[in-house]
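Residue-level structural notes
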Amino acid sequence: KQWYQRRVARVTFEQELLSIRTKKNNAKHAFEALRRASFKFPGKTEIVVSRDWGFTDIEASDYIKGRKEQRIEFDGSYARIVQPKGCVEKINRQLERSEIAFKG
């Protein structure tokens, strides 16, 4: 066998191969870069734009609302959900009024 025939990447169908995080104003360039990179892979490729904020599992609209309410903290490349502290009745009232539903 030749040396290049022994090294292959084993990927499954529908496995995520590339992930890019950009600002909205650079999305057009990232989309074009991924489209050009897709020609390097055999088979069908699909480019998906996520509704989540960065690499977190929080949707962008919920992230913005949570930052304004100070319920979400920026933590490097991730976001940390701030747990409420204090009297249980007060916390329950705040959670009932809150419109944000976090995935967890």
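Details of the structure are given in the entry above.
The structure contained in this document is the topic of the report that follows. (Residues numbered from 1 in each chain as written. Predicted model: local features only at pLDDT ≥ 70, side-chain atom pairs only at ≥ 80, totals over all residues. Heavy atoms only, no water.)

Here the focus is the pattern of salt bridges. Using the criterion set out here, one finds 3 salt bridges in the structure. One salt bridge connects E32 with R35, and the closest N-O pair in it is separated by 2.7 Å. Note that E32 and R35 are positioned in helix α1 (residues 27-37) at a spacing of 3 residues, about one turn of the helix. Residue R36 pairs with E32 through a salt bridge whose shortest N-O separation is 2.9 Å. One end of the pair, R36, and the other, E32, are both in helix α1, 4 residues apart, so they sit about a helical turn from each other. The class of R36 is exposed, set by a relative accessible area of 55%. Judged by relative accessible area, E32 falls into the partly exposed class, the value being 28%. Through salt bridges with shared partners, a single ionic network connects E32, R35 and R36. (Salt bridge = Lys/Arg side-chain N within 4 Å of Asp/Glu carboxyl O. Helix = DSSP H or I, 4+ residues; strand = E, 2+ residues; numbered from the N terminus. Buried < 20%, exposed > 50% of the residue type's maximum accessible area, 1.4 Å probe, protein only.)

On the surface, V11, L17, L18 and F41 cluster together to form a nonpolar patch covering roughly 350 Å² of accessible area. Secondary-structure assignment places L18 in the segment before α1. (Patch = residues over 30% accessible without salt bridge, like charges linked within 9 Å, V, L, I, M, F, W, Y side chains within 5 Å. Areas by Shrake-Rupley, 256 points an atom, 1.4 Å probe, with all protein chains shown as cover.)

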